[in-house]
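Overview (structure and organization)
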Amino acid sequence: MFYHTKKLQYFKPPEKPDAVYAMKIQELIGGTFGEMTVMMQYLFQGWNCRGPAKYRDMLLDVGTEEIGHIEMLATMIAHLLDKAPLKMQEESVKDAVVGAVMGGSNPRDVIMAAAMNPQHAIVSGLGATPSDSVGYPWNGRFIVSSGNLLADFRSNLHAESQGRLQAVRLYEMTDDPGVKDTLSFMIARDTMHQNLWLATIEDLESSGMETTPVPSSFPLDLEKREFSYQFWNHSEGTESAEGRWAKGPSMDGKGEFEYVENPQPLGPEPEPPQPDLRLHGTPKVGQTQGKGNGSSAPSVIERTTIGG
């Protein structure tokens, strides 16, 4: 059961509307690493969790918190779009466009930078939408919920790292004290969540339930161990040999890194099987029987249903 409390987790309204900035804030809602993604990712991971109850409870705690973050951002967008000058906006851009032409800039860039998201007026009635900053709808394929907690926690750390990076960039793009204050809270929560996922990774690995490499349940003797810790130098130069990944004990403690400066192919040239004639692909050697269109086709008797 979910329960909604009407008060926001945290919020300071913007001092003045800014329809253009409202379009940018949409990235934090419906972008690849936006709040909708982490909300759905954590909730599905929690719902699907078969591990210890503490992990399930924690995932549902954080996923539910993220619902509140979306509400905060949607409220911010509503304030930023308040009394958006839908008609006068086009007029206000004209001087900037003339200046761009006279200055040798691209007028299209000026128009795009100065325009609000038309969907905020046409589709949502000056409200937030479940989409990113260029209007691309949020997609469920953005989320990761594999059933392997270590793999999922690493994906969560990645998502929070990218999300905090984008929030910080948006913080730098505004001078509005209210917007900065609200983003400052969200950036702080991203800091907590990055630390949270690092802690869960440590907790899970120290328990021995899951270790590197993921999945640790797969027997190591079934992989070709001679290649498990080789770094292959696949570009010009050997600067990569200076890294931690090129020598010394492997991170999982189960091998030694080895630097291979000139890796060599270990397989033959590919020789794909020739296509079934009934698929009408182009074979390596052309048919020489008969002449004219269709002369190389198999007989009626031979042309049975594919797979039959």
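Residues numbered from 1 in each chain as written. Predicted model: local features only at pLDDT ≥ 70, side-chain atom pairs only at ≥ 80, totals over all residues. Heavy atoms only, no water.

Focus on the overall build of the protein
Stated formally: Helix and strand labels come from DSSP, where a helix needs a run of H or I of at least four residues and a strand needs a run of E of at least two; each type is numbered from the N terminus. Exposed residues in this analysis have more than 50% of their type's maximum accessible area, buried residues have under 20%, and partly exposed residues fall in between, with area computed by a 1.4 Å probe over protein chains only. Whether two residues are in contact is decided by their heavy atoms, any of which lying within 4.5 Å being enough.
Looking only at helices and strands, the protein features 8 helices and 3 strands. Across the protein, helices and strands are ordered from the amino to the carboxyl terminus as α-α-α-α-α-α-α-α-β-β-β. When burial is assessed residue by residue, the protein has 32% of its 308 residues classed as buried. Taking contacts inside the protein between residues at least 6 apart in sequence as the whole, the part at least 24 apart equals 72%.

Here's the deal with the packing of helix 3 (residues 53-80) against helix 8 (residues 177-206)
Formally: A fitted line through C-alpha atoms represents every axis, and for helices the fit uses only the stretch in contact; the resulting angles, taken between N-to-C directions, go from 0 to 180 degrees. Should an angle fall under 35 degrees it is called roughly parallel, over 145 degrees roughly antiparallel, and 65 to 115 degrees roughly perpendicular, with every other angle called oblique. Left-handed describes a crossing in which the near helix is turned anticlockwise from the far one by less than a right angle; the clockwise case is right-handed.
With their axes 12 Å apart at the nearest point, helix 3 and helix 8 run at an angle of 165 degrees to one another. With respect to helix 8, the element helix 3 is oriented roughly antiparallel. Every pair of crossing elements has a handedness; the one defined by helix 3 and helix 8 is left-handed. Where helix 3 abuts helix 8, its residues K54, Y55, M58, L59, V62, E65, E66, H69, M72, L73, M76 and L80 lie against G178, V179, T182, F185, M186, R189, H193, L196, W197, T200, D203 and L204.

Brief notes about the packing of aromatic side chains
Put simply, the rule reads: Ring pairs are drawn from Phe, Tyr and Trp, using the six-membered ring of Trp, whenever the two centres fall within 6.5 Å, and their geometry is named by plane angle: stacked under 30 degrees, edge-to-face over 60, tilted for the rest.
Counted under the stated rule, the structure contains 8 aromatic pairs. Here Y10 and F185 contribute two aromatic rings whose centre-to-centre distance is 4.8 Å and whose plane-to-plane angle is 5 degrees, an arrangement assigned as stacked. Placement of the pair is Y10 in the segment before helix 1 (19-30) and F185 in helix 8, with a sequence separation of 175 residues. Its relative accessible area of 21% is what places F185 among the partly exposed residues. An aromatic cluster of at least three residues, connected via ring pairs, comprises Y42, Y55, F153 and W197.

Section: a nonpolar patch on the surface
Test applied: Only residues whose relative accessible area exceeds 30% and that take part in no salt bridge are eligible for patches, with like-charged residues grouped when within 9 Å of each other and nonpolar side chains (Val, Leu, Ile, Met, Phe, Trp, Tyr) grouped when within 5 Å. Per-residue and other accessible areas were derived by the Shrake-Rupley procedure at a 1.4 Å probe size, with only the shown protein chains allowed to occlude residues. Any carboxyl oxygen of Asp or Glu that lies within 4 Å of a side-chain nitrogen of Lys or Arg is treated as forming a salt bridge with it.
Taken together, the side chains of F2, F44, W47 and I67 present a nonpolar region at the surface, about 370 Å² in accessible area. Residue placement: F2 occurs in the segment before helix 1.

As for the nonpolar core
So the rule is basically this: For the purposes of this section, nonpolar cores are sets of buried Ala, Val, Leu, Ile, Met, Phe, Trp, Tyr and Cys residues that join through side-chain atoms within 4.5 Å.
If you look at the biggest cluster of nonpolar residues, it comprises 26 residues, and the most contacted ones within it are Y21, I25, L28, L80 and L183. Broken down by secondary-structure element, the contributors of at least two residues to this core are helix 1, helix 2 (35-48), helix 3, helix 7 (149-172) and helix 8. The residues touching I25, leaving out its near neighbours within four places in the chain, are L73, I77, L80, L170 and L183. V38, M58, L149 and A159 belong to the second-largest nonpolar core, a separate cluster that totals 15 residues.

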